[in-house]
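Each chain, letter by letter, is given below.
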Amino acid sequence: MGAAEQLPPPVAGDGAWPAGTVPDGAPLAESATRLAVLWVPDWPIAAAVAEGLIGAHHRAVLHDGRGVTAVSAMARAQGVRRGMRRRTAQGLCPDLVLLAADEARDVRAFEPLVQGVEEVVPHVQVMRPGVVAVGARGPSRYLGSEEAVAEALVGAVAQASGAEAQVGIADGLLAALLAARTSTVVPPGRSARFLAPRDVRDLIYITTTRQSRAAYTDLVDLLRRLGLSTLGDLAAMRTAHVLPRFGELGVQAQRLARGLDAYPPQMHRPEPDITTHAELDPPAQRIDTAAFAARRLAEELQSRMVRRGVVCARLRVSARADNGAELVRTWRIDGALTATELTDRVRWQLEGWLSGRSGRPPSAPLTHLELAAEEISPAAAVQDGLWGRVGRGQVQADRAVLRVQGLIGAEGVLSPVLEGGRSPRDRVRLVAWGDELRPLRDPDAPWPGQIPRPLPATVPAEPVPARLVDAQGDPVRVGRRGELEGDPALVDVRRRPSRPAEPGTRGAGSAHQAPGPAGPARRAGPTGLTGQTITGWAGPWPVHERWWSGTEPRTYLQVVTEGGALLLAGEGGRWWVEGVYD
Amino acid sequence: MATTSKLEDARRALAAAETAAGLRTQLHGPTVRAVPGPSPTPPPPAPALDTERVLPVPPALAPLFPYGGIRRGTGVQVTGSTSLLLRLAAAAGGAGAWCAVVALPDVGLAAAAEAGLPLDRVVVVPRPGPDSPSVVGALVDGFDVLVLGDCTALADRDRRLLASRARTRGSVLLTTTPWPGSELVLDAGDRVWRGVGRGAGVLRTEEITVVAYGRGVAAARPVRIRIGPGGVETAAPEVPAMEGPTAEREFVVPVAERSLAQVG
């Protein structure tokens, strides 16, 4: 392609560059693999339809704990979108059918479809449920044209599963993926031009694992902030400038944006594949026995990859059944997989085979199982320290949290976010672990009238009512101008009603549950009242927040008793403990 | 005059160097009697801690810890002061440790952040519920520091199991309730808040007396500390708590029990 075009002189600097060349002046010597990508829109929904959970005419969404993950076409027509909160979606569309997202179901239902595709084209790579990639050059020669390949693939899928699929053909994976979204065939050598006007956000479609999605999302964010908003902008940068600024991932993204493969092709066979295999004796008839063996294999494969410091681009799962049938499936993988993720992939694959829903073998027990890591390349990721772990970090914490979430639910494990606000209670918000950690209110804003530091070390989860009286025993109120009517002399903190202290917990530690300041035992005041004698106080600090919503002005008061200090908040004539300085 | 102070300066510098190198205790020469600096208690040069084994604590509290910090795999029971608990967690968290706060629904996380605890490495489980043994066990596996409140669902047997699990995993338990096998018990009391008058001022600094009991602690020696804008500092020695005989200090009723009596 490059030879046919007029090459510009090798100039440095900016300016438009014709497709097929890189700005360094060198012609594009390498050409990307010609790929056909088959994409089933809304596959998770189609999978649910295939399993008979919903009908194709239903307005349905799939959701996980955080929000909507897939939307059926009917629901989309009503305005429901991915990423919405469940309640929002239901508000838009009252007769919405809600289903829990289930990756295993997606893979299971996808298996017959892949087998259908395999009847047309060999060497199918599953990118994720709903998307497969096949080499396009051979089949197009066999079937006559690339359009004929697309037609044959769509037909095969319709026959195998009844789902509607779209096919795109182009050079390089990214271009083929995007072409599939519009059912187009990009002529050879035109991928870069096809990609140039696209948003850099389209890079996300390439990702198949959660980590790589997170990494690409960060990269895309950064690129957009720097003003590189289209793939063409990214492609026009010099490679030598990309590597130091965006690292290995940036180079990958740039290669994709230029319509190339993510990794440069290597003439020699890079590294031998790593394989692990096991004979299953007795043959595994049930999914759990097979999955158990798969787990061991996956862990072994993972540990061998880690030991050699490599990642693989494809995972091949192959199995032999009792009746002699051989089953092979290749998964496309980007980045490093953890052993658990690896196990999951294998288990889903086995479920697809053993459920026998595809109407093909095996519906026979499995006797042999083999995992192979293919297209091995050196890992650029952070490794464990030389002498084992250096510090226990994110990975271990994540793992522990996942286990705890499994025990007590996702809402039981929270991460704190610093917020802007005036009272100590407003300055931290707890969100479920894994949720967005962005503050709703800017913590760096000045927040005039905020409670001065130090902040109380204990902030009762539920407000604890308190009584504040002066030396005569009259309740201390806040006057109309925000001043105290009378000098506070005694404060009486009532025990929280909802949480009586258990008799067994009478120990020093109960100080946290009992939000009273440390100090001598309550004593009778001058007027026979009980409470703690106040030795000093600071304030009152009136704060009138959100006056537009009709709230009462609130008054804060720091009170020092003989053994401790309290932050009281008052509204109207009532006081409660907002914090304990203990 | 000038020469004397110069000599003293040199002696002090030498003494400091020797302390840092670990030679200080073995020498019995004139350098040992080097005159201490003019400031009431100059913070001793923090000895290099092996963070693989020992998590750091605020320097003012280091004398209470036999190893100069919290040894990994051990437990420290902190009673009487939540702010002390938060400062200890913050010192460990500031050194890169991940921290889980369990069964403390009332803890003021804004104060924790102010104390220096990086909240992005903190996970909070306010109510572990009846599954506490498994929940805390999982967290012990994954986190360096566990700040543990009152878990009523934990039986004594669970506590012993968790303590041994923490020992193998090398994580640190900071508890507010009695815990078997705690290496150290820190009891805070005699709290005085400064900065507030009658209707004027604002709370500024808190002074507490911390007494340490436990293995490797020779005698229950109280330390008066001041927690304020400058972090945790040793309070000025003219406070009588430092000079009086230490024996009677041990009989002070722990603060938390009193507070319970008050509100209960």
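Residues numbered from 1 in each chain as written. Chains lettered and ligands numbered in written order. Predicted model: local features only at pLDDT ≥ 70, side-chain atom pairs only at ≥ 80, totals over all residues. Heavy atoms only, no water.

In the annotation of an unreviewed UniProt entry, chain A is listed under the name DNA polymerase Y family protein and assigned to Occultella glacieicola. Looking at chain A in UniProt, the text filed under Sequence similarities (unreviewed entry) is "Belongs to the DNA polymerase type-Y family." (UniProt positions renumbered as here; feature names shortened; annotations may be inferred.)

J.: Looking at this model, I keep getting lost on the sheet that holds strand E2 (residues 60-63) of chain A. Mind explaining?
T.: The pairing of strands in a sheet happens through backbone hydrogen bonds and is either parallel or antiparallel. All names here are of chain A. Spatial strand order, E3-E2-E4: three strands in an open sheet with mixed pairing. Sheet topology places strand E3 (68-71) and strand E4 (97-100) at the edges, where each strand pairs with a single neighbour. Averaged over all neighbouring strand pairs, the angle between strand axes comes to 30 degrees, with direction disregarded. In the sheet, E2 pairs with E3 via three bridges, with the strands oriented antiparallel. The residue bridging His63 from the neighbouring strand is Val68, located in E3. Where helix H1 (residues 43-50) meets the sheet, its contacts fall on E2, E3 and E4, and the angle it forms with E2 comes to roughly 110 degrees. (Pairing = 2+ DSSP bridges. Helix = DSSP H or I, 4+ residues; strand = E, 2+ residues; numbered from the N terminus. Axes fitted to C-alpha atoms, helices over the stretch in contact; angles between N-to-C directions. Contact = heavy atoms within 4.5 Å.)

J.: For this particular structure, what's the right way to read the pairing of strand E9 (residues 201-214) of chain B?
T.: Each regular strand displays side chains that alternate between the two surfaces of the sheet. All names here are of chain B. Across the 14 residues that make up E9, a large majority, 10, are buried. Pairing analysis gives 10 bridges linking strand E8 (residues 182-196) to E9, with the strands arranged antiparallel. When the bridges of E9 are listed, Trp193 appears paired with Glu206. Between E8 and E9, which follow one another and run antiparallel, lie four residues, and Gly199 among them has a positive phi close to 85 degrees. (Buried < 20%, exposed > 50% of the residue type's maximum accessible area, 1.4 Å probe, protein only.)

J.: Quick question: what am I supposed to make of the packing of aromatic side chains here?
T.: Within a pair of aromatic rings, the relevant descriptors are the distance that separates the centres and the angle that separates the planes. Residues and elements named next belong to chain A. As enumerated under the stated definition, the model contains three aromatic pairs over all chains in all. An angle of 65 degrees between the planes, with centres 5.0 Å apart, marks the rings of Trp43 and Phe110 as edge-to-face. One end of the pair, Trp43, is in helix H1; the other, Phe110, is in helix H4 (residues 103-120), with 67 residues separating them in the sequence. For the cation-ring pair, Arg181 lies above Trp39, with the distance from its terminal atom to the ring centre recorded as 4.2 Å. Looking at Arg181, its charged tip hangs above the ring of Tyr205, at a distance of 3.9 Å from the centre. (Phe/Tyr/Trp six-rings, centres within 6.5 Å; stacked < 30°, edge-to-face > 60°. Lys NZ or Arg CZ within 6 Å of the ring centre and 35° of its normal.)

J.: Teacher, can you tell me more about the pattern of salt bridges here?
T.: When the charged atoms of two side chains with opposite charge come close together, those side chains can pair. All names here are of chain B. Across all of its chains, the model carries 25 salt bridges over all chains by this definition. A salt bridge links Asp141 to Arg169; the nearest nitrogen and oxygen atoms lie 3.1 Å apart. You can see Asp141 sitting in helix H4 (residues 132-142) and its partner Arg169 sitting in helix H5 (residues 156-169), a full 28 residues away along the chain. By relative accessible area, Arg169 is classed as partly exposed at 38%. Note that Arg191 and Glu206 form a salt bridge whose closest N and O atoms lie 2.7 Å from each other. On the criterion of sequence distance, the pair formed by Arg191 in strand E8 and Glu206 in strand E9 is long-range, its members being 15 residues apart. When sorted by exposure, Arg191 lands in the same class as Glu206, which is buried. Each of the salt bridges in this network shares a partner with another, and the network as a whole consists of Arg194, Glu207, Arg224, Arg226 and Glu233. (Salt bridge = Lys/Arg side-chain N within 4 Å of Asp/Glu carboxyl O.)

J.: What exactly am I supposed to notice about the packing of helix H14 (residues 394-408) of chain A against H4 of chain B here?
T.: When two helices pack together, their arrangement is given by the angle between the helix axes and the distance between those axes. Between H14 of chain A and H4 of chain B, the least distance of the axes is 8 Å, while the angle of their chain directions is 170 degrees. Our classification of the angle between H14 of chain A and H4 of chain B gives roughly antiparallel. Across the interface between the two elements, Gln396, Ala397, Ala400, Arg403, Val404, Leu407 and Ile408 of chain A from H14 of chain A touch Ser134, Val135, Ala138, Leu139, Asp141 and Gly142 of chain B from H4 of chain B. Split by residue class, the contact of H14 of chain A with H4 of chain B holds eight nonpolar, three polar and two charged. (Parallel < 35°, antiparallel > 145°, perpendicular 65-115°, else oblique. Nonpolar A, V, L, I, M, F, W, Y, C, P; charged D, E, K, R; others polar.)

J.: How should I be thinking about the layout of surface pockets in this particular structure?
T.: In this approach a probe as big as a water molecule rolls over the atoms, and the regions it shows empty are the leftover space. All names here are of chain A. Considered as a void within the structure, the second largest pocket measures approximately 420 Å³ in volume. Every residue lining the second largest pocket is counted, 17 residues in all, and those nearest its centre are Pro41, Ile45, Ala46, Ala163 and Glu164. When residues of the lining of the second largest pocket are traced back to their parent elements, those giving at least two are H1 and helix H2 (73-77). Sorting elements by how many residues they give to the lining of the second largest pocket places H1 first, with five residues. (1 Å grid on protein atoms, 1.4 Å probe; cavity = no way out; pocket = protein on both sides within 12 Å on 5 of 7 lines; lining within 4 Å. Points joined across faces, edges and corners; volume = space filled by probe spheres on them.)

J.: Would you take a moment to explain the environment of Arg194 of chain B for this structure?
T.: Residue and element names in this part refer to chain B. Looking at the element boundaries, Arg194 is found in strand E8. Residues Arg194 and Arg226, 32 residues apart in the sequence, show an inter-C-alpha distance of 10.0 Å. When sequence neighbours within four positions are dropped, the list of residues in contact with Arg194 reads Val202, Leu203, Arg204, Thr205 and Glu207. A distance of 3.0 Å separates the side chain of Arg194 from the side chain of Glu207, its partner in a polar contact. (Polar contact = N/O pair within 3.5 Å; in protein donor to acceptor, adjacent residues only side chain to side chain.)

J.: How should the nonpolar core be read in this particular structure?
T.: Buried together is how nonpolar side chains tend to be arranged in soluble globular proteins. If you look at the biggest cluster of nonpolar residues, it comprises 60 residues, and the most contacted ones within it are Leu38, Trp43, Leu113, Leu153, Leu301, Leu315 and Leu350 of chain A. Both domains that furnish three or more residues to this core are identified here as domain 1 (29-104 + 133-182) and domain 2 (274-382) of chain A. Not counting the four nearest positions on each side in its chain, Leu113 of chain A is found in contact with Leu38, Val40, Trp43, Val157, Ala160, Ser161 and Ala163 of chain A. Counting residues in hydrophobic clusters, the runner-up holds 48 residues, among them Val76, Cys99, Leu109 and Ala110 of chain B. (Core = buried A, V, L, I, M, F, W, Y, C linked by side-chain atoms within 4.5 Å. Domains from an automatic or database assignment.)

J.: Would you mind going over the pairing of strand E5 (residues 125-128) of chain A with me for this structure?
T.: Residues and elements named next belong to chain A. Here three bridges tie E5 to strand E6 (residues 131-135), and the two strands are oriented antiparallel to one another. Within E6, the position partnered with Arg128 by the bridge is Val131. The turn joining E5 and E6, which pair antiparallel and follow one another in sequence, is formed by two residues; a positive phi near 105 degrees is taken by Gly130. Both E5 and strand E10 (residues 326-332) contribute to a ladder of two bridges, which runs parallel. For Gln125, the partnering residue across the bridge sits in E10 and is Thr330.

J.: How should helix H9 (residues 210-225) of chain A be read in this particular structure?
T.: Given 3.6 residues per turn, any residue in an α-helix points the same way as the ones three and four places further on. Residues and elements named next belong to chain A. Taking 1.5 Å of rise per residue, 16 residues should cover 22 Å, and H9 covers 23 Å from first to last C-alpha, within 8% of that figure. Looking at the buried side of H9, the elements it contacts are helix H10 (231-236) and helix H11 (239-257). Of the residues one or two after H9, Gly227 is the one with positive phi, at around 90 degrees. (Expected span 1.5 Å × (residues − 1).)

J.: It is not clear to me how unusual backbone geometry should be interpreted in this structure. Could you clarify?
T.: Across residues other than glycine, the phi torsion is negative in most instances, and most of the peptide bonds are trans. Residues and elements named next belong to chain A. Note the cis peptide between Arg453 and Pro454, where omega equals 0 degrees. Mapped onto the elements of the fold, Pro454 is located in the loop between strand E13 (428-432) and strand E14 (464-470). A positive phi angle, close to 55 degrees, is found at Ser183, a residue other than glycine. Of note, Ser183 is situated in the loop between helix H7 (173-182) and helix H8 (191-195).

J.: Just to check I follow, could you spell out the confidence of the model for chain B for this structure?
T.: Low-pLDDT stretches of the model should not have their predicted coordinates read in fine detail. Residues and elements named next belong to chain B. Chain-level statistics for chain B give a pLDDT mean of 76 and a share of 73% at 70 or above. Across residues 25-46 the pLDDT falls below 50, and counting only partners more than four positions away or on other chains, this stretch makes 18 contacts in the model. Interface confidence in the predicted complex, given as ipTM, is 0.70; pTM for the same model is 0.50. (pLDDT = per-residue confidence, 0-100.)

J.: Where do I start with the environment of Thr176 of chain B in this structure?
T.: Residues and elements named next belong to chain B. The residue Thr176 is located in the loop between strand E7 (172-175) and E8 in this model. Overall, the relative accessible area of 1% leaves Thr176 in the buried class. Along the backbone, Thr176 and Gly80 are 96 residues apart, and their C-alpha atoms lie at a distance of 8.3 Å.

J.: How should I be thinking about the environment of Thr533 of chain A in this particular structure?
T.: Examined against the element boundaries, Thr533 of chain A turns out to sit in strand E19 (residues 530-543). Given the relative accessible area of 28%, Thr533 of chain A is considered partly exposed.

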